[in-house]
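So the chains spell out like this:
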Amino acid sequence: MDIPRIFNIMESAHRIHNPFTPEKLATLGEALRLKKGDRVLDLGSGSGEMLCTWARDYGVIGTGIDMSQLFTEQAKLRAEELCVADQVKFIHGDATGYVSDEKVSVAACVGASWIGGGVAGTIELLARSLRIGGIILIGEPYWRQLPPTENIAKECLAHSVSDFLILPELLVSFGRFGYDVVEMVLADQDGWDRYEAVKWLTMRRWLEANPGDELVKDVRAKLTSEPERHVAYTREYLGWGVFALMLR
Ligand code: SAH
């Protein structure tokens, strides 16, 4: 079981697989007023940077589930590197339908809301692991500027303009699901560059090291087109943030 190999290739050098910088991740951890021993569940935990740094900085106890074998291995190594391997557990697997045995203070899905079939389904899934009074974290894109055409939405790698909302509408939608938005940290365009541009050098180096691989054509095409696509579309039109929610 794994995610499509192209993502493992493009994001093999990422520690954070979203447009947050390490500073933004730290800001979010601080904003949540985490306490030692708080339990955190992370569905789609990637390379584990959120759980590992919050375990180091706030003493939280964490479980992460991710479908990428590579990212899960990297998460385990990071936990050892930060001396938090006794506080965090990383499971390689499909997080669809995953509910923790013990209730958690923070239940997160940061940039992987397809795991619950969209934002509403993911909130419902996370809520099943949450203790009363706990916080749900959702990391999600929104339109920084509404794309004037469907084609522009597609260039942002959305299926259609209706895939995402503008920020005020996204916040209203959380209210409609019955939740208060109690905190938020938003990525910025420099953060998008850290997420997207890191892929370019990774792809370039991968092409040099893997000339006979079956994915050479795909990776080559991406390396050629992605820088321009990113600056023309994603960087301009797409925003991204993590929203902290509590049941009303
Ligand atoms: N939250 C992490 C990773 C976000 S990228 C971070 O912010 O760094 C999305 C992640 O979801 C990837 O690591 C991918 O491997 C994982 N993923 C995709 N489908 C999944 C599934 N069904 N179950 C668990 N993880 C999944």
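This text follows the structure it describes.
What comes next is a walk through the structure.

Moving on: the environment of Arg15. Along the chain, the position of Arg15 falls in the loop between helix H1 (5–10) and helix H2 (22–31). Judged by relative accessible area, which is 45%, Arg15 ranks as partly exposed. Each C-alpha atom of the pair Arg15 and Gly48 lies 7.7 Å from the other, and the pair is 33 residues apart in sequence.

In this section: helix H5 (residues 119–127). Restricting attention to buried positions, one finds in H5 the residues Val119, Thr122, Ile123, Leu125 and Leu126. Looking straight down H5, one finds that the buried residues subtend no more than 165° of arc, so they occupy a single side. Elements that come into contact with the buried residues of H5 comprise strand E1 (39–43), strand E4 (104–110), strand E5 (130–143), helix H7 (167–176), strand E6 (179–186) and strand E7 (238–247).

The next point concerns the pattern of salt bridges. Using the criterion set out here, one finds 15 salt bridges in the structure. Of the charged contacts, one joins Asp57 and Arg56 as a salt bridge, the two residues approaching to 2.7 Å between their closest N and O atoms. Measuring nitrogen to oxygen at the nearest pair gives 3.9 Å for the salt bridge that ties Glu236 to Arg144. Of this pair, Glu236 sits in helix H9 (residues 216–237) while Arg144 sits in the loop between E5 and helix H6 (150–155), placing them 92 residues apart in sequence. Beyond isolated ion pairs, a larger network of salt bridges with shared partners links Arg15, Glu49, Arg78 and Glu81.

With 40 residues, the main nonpolar core has Phe20, Leu28, Leu32, Trp54, Val88, Leu137 and Trp143 as its most contacted residues. The greatest single-element share of this core, amounting to five residues, is contributed by helix H3 (residues 49–58). If near-sequence neighbours (up to four positions away) are discounted, Trp143 is found in contact with Ala153, Cys156, Ala158, Ser160, Val161, Phe164, Leu165, Ile166, Leu167, Tyr237 and Leu238. In terms of nonpolar packing, the next biggest core, distinct from the first, is built from 23 residues, Val104, Cys109, Leu125 and Leu170 among them.

The next point concerns the packing of aromatic side chains. Under the defined criterion, the tally for this structure stands at four aromatic pairs. Considering the side-chain rings of Phe20 and Trp240, the 5.2 Å spacing of their centres and the 80° angle between planes classify their relative orientation as edge-to-face. Within this pair, whereas Phe20 is found in the loop between H1 and H2, its partner Trp240 is found in strand E7, the two being separated by 220 residues in sequence. Of the two residues examined, Phe20 and Trp240, each falls in the buried class. Seen in terms of ring centroids, Phe174 and Phe243 are 5.5 Å apart; in terms of plane orientation they differ by 45°. Their pairing is tilted. Taken together, the positions of Phe174 in helix H7 and Phe243 in strand E7 put the pair 69 residues apart, joining distant regions of the chain. Here Phe174 and Phe243 have matching classes, each one buried.

In contact at an axis separation of 10 Å, helix H8 (residues 189–209) and H9 are set at 165° when each is read in the N-to-C sense. Classified by the angle their axes make, H8 and H9 are roughly antiparallel. In this structure, H8 crosses over H9, and the sense of that crossing is left-handed. Of the residues in H9, those in contact with Gln189, Asp190, Trp192, Asp193, Glu196, Trp200, Met203, Arg204, Trp206 and Leu207 of H8 are Val216, Val219, Arg220, Lys222, Leu223, Glu226, Pro227, Arg229, His230, Thr234, Arg235 and Glu236.

What follows covers unusual backbone geometry. In this model, Arg33 sits at a positive phi of 55°, which is unusual for a non-glycine residue. Mapped onto the fold, Arg33 is located in the loop between H2 and E1. Since its relative accessible area comes to 70%, Arg33 is described here as exposed. Within the chain, Leu157 stands out as a residue other than glycine whose phi angle is a positive 65°. Of note, Leu157 is situated in the loop between H6 and H7.

Right, let's talk about the site of the ligand for a bit. Inspection of the region around the ligand gives 20 residues, with His17, Asn18, Gly44, Asp66 and Ala95 positioned closest. A distance of 2.8 Å separates an oxygen atom of the ligand from a polar atom in the backbone of His17. Separating a nitrogen atom of the ligand from a backbone N or O atom of Met67 is a distance of 3.1 Å. For the ligand, whose accessible area on its own is 570 Å², the fraction buried by protein is 90%. Across the shell around the ligand, the residue classes break down as nine nonpolar, nine polar and two charged.

Calculation notes
- Residues numbered from 1 in each chain as written.
- Predicted model: local features only at pLDDT ≥ 70, side-chain atom pairs only at ≥ 80, totals over all residues.
- Heavy atoms only, no water.
- Helix = DSSP H or I, 4+ residues; strand = E, 2+ residues; numbered from the N terminus.
- Buried < 20%, exposed > 50% of the residue type's maximum accessible area, 1.4 Å probe, protein only.
- Arc of directions from axis to C-beta.
- Contact = heavy atoms within 4.5 Å.
- Salt bridge = Lys/Arg side-chain N within 4 Å of Asp/Glu carboxyl O.
- Core = buried A, V, L, I, M, F, W, Y, C linked by side-chain atoms within 4.5 Å.
- Phe/Tyr/Trp six-rings, centres within 6.5 Å; stacked < 30°, edge-to-face > 60°.
- Axes fitted to C-alpha atoms, helices over the stretch in contact; angles between N-to-C directions.
- Parallel < 35°, antiparallel > 145°, perpendicular 65-115°, else oblique.
- Left-handed = near helix turned anticlockwise from the far one by under 90°.
- Near = heavy atom within 4 Å.
- Polar contact = N/O pair within 3.5 Å; in protein donor to acceptor, adjacent residues only side chain to side chain.
- Areas by Shrake-Rupley, 256 points an atom, 1.4 Å probe, with all protein chains shown as cover.
- Nonpolar A, V, L, I, M, F, W, Y, C, P; charged D, E, K, R; others polar.

Honestly, it's all geometry; don't read function into it.
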